[in-house]
Amino acid sequence: MSLVIAIDGPAAAGKGTLAKRLAAHFDLPHLDTGLLYRATGRRVLDAGGDPSDAATAEEAARALLPEDFSRADLRGPEADAAAAAVASIPAVRAALLDFQRNFGAERGAVLDGRDIGTIVFPKASVKLFVTASAEARGRRRWLELRGRGIAADLDEVTDQVRLRDKQDRDRAAAPLVPAADAILLDTTDLDADATFARALALLAQRLGTAGRSQ
Ligand code: C5P
């Protein structure tokens, strides 16, 4: 199988930044799978539908087009809530599975999300579970909002991060859980450069070991 790097973890743990850098380093395509759920939720909202209605959400997932992923309105509280709602529907997850698998199968890829190592690519070459304390992740989200000129309360933002953790972990369909063979990477005290360096070292170890054992 081509090199598939699966990166999972909770919101604002640093998965996206890390995934982009690893993709550039290994010259692989990158897929931010959260965008699939965000774009599905947005399509439902556009049509005036209810993101938690299974049939409506599944139809939206099956109708996704490449241009849906580059919309400017895929982030923010409304988009977050719609994405979380559609992501908890098994028929939506099933509708998006082939796209994710085909994306990685062709020539390898870096994919980041919540269920890449457990469901989308259970046989990925290497799996990282990237996490950080809720306080650190709340702070990062808050700084990100400030950077975009949005004033927000740090405690409220941290509470929202905790709520999303709970939603992701407690849902029945593809709950957020590290794969048994995932390598844990805690970024609480690491900046983006240190996270990247640590990930490269972990990958070299894992891929080197796999290479020797074959
Ligand atoms: O990662 P991001 O915050 O963009 O994800 C948006 C939503 O999609 C979240 O609610 C998350 O739980 C969901 N998601 C998912 N499975 C993935 C990626 C994201 O359920 N592989």
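Residues numbered from 1 in each chain as written. Predicted model: local features only at pLDDT ≥ 70, side-chain atom pairs only at ≥ 80, totals over all residues. Heavy atoms only, no water.

**Student:** Break down the side chain of Arg114 for me, with residues and values.
**Tutor:** With respect to the element layout, Arg114 can be found in the loop between strand 3 (109–113) and helix 6 (116–120). In this structure the side chain of Arg114 is engaged in a polar contact, spanning 2.9 Å, whose partner is the side chain of Asp168. The contacts of Arg114, once residues within four sequence positions are left out, are Asp8, Gly9, Pro10, Ala11, Lys15, Arg164, Asp168, Arg171 and Leu176. (Helix = DSSP H or I, 4+ residues; strand = E, 2+ residues; numbered from the N terminus. Polar contact = N/O pair within 3.5 Å; in protein donor to acceptor, adjacent residues only side chain to side chain. Contact = heavy atoms within 4.5 Å.)

**Student:** Can you break down the site of the ligand residue by residue, with the values?
**Tutor:** Around the ligand, the surrounding shell holds 15 residues, and the nearest of these are Arg38, Arg93, Arg164, Asp168 and Arg171. At a separation of 2.9 Å, a nitrogen atom of the ligand approaches a polar side-chain atom of Asp115. The protein chains hide 96% of the 450 Å² of surface that the ligand would expose on its own. When the residues that make up the shell around the ligand are grouped by side-chain class, the tally is four nonpolar, three polar and eight charged. (Near = heavy atom within 4 Å. Areas by Shrake-Rupley, 256 points an atom, 1.4 Å probe, with all protein chains shown as cover. Nonpolar A, V, L, I, M, F, W, Y, C, P; charged D, E, K, R; others polar.)

**Student:** Lay out the pairing of strand 3 in plain terms, naming residues and giving numbers.
**Tutor:** Counting buried positions over the five residues of strand 3 gives five, a clear majority of the element. Of the two faces of strand 3, both are covered, the one formed by Ala109, Leu111 and Gly113 as well as the one formed by Val110 and Asp112. Bridge count between strand 1 (residues 4–8) and strand 3: five bridges; the pairing is parallel. Paired with Asp8 across the two strands is Gly113, which belongs to strand 3. (Buried < 20%, exposed > 50% of the residue type's maximum accessible area, 1.4 Å probe, protein only. Pairing = 2+ DSSP bridges.)

**Student:** With reference to specific residues and values, describe unusual backbone geometry.
**Tutor:** You will see that Asp27, though not glycine, has its phi angle at about 55°, which is positive. Take Asp27: it is sitting in the loop between helix 1 (15–26) and strand 2 (30–32). Under the relative-accessibility criterion, Asp27 is labelled exposed at 56%. Positive phi, normally seen in glycine, also occurs at Ala174, with a value near 45°. Assignment of secondary structure puts Ala174 in the loop between helix 8 (154–170) and strand 5 (183–186).

That's the geometry; what it means functionally is another story.
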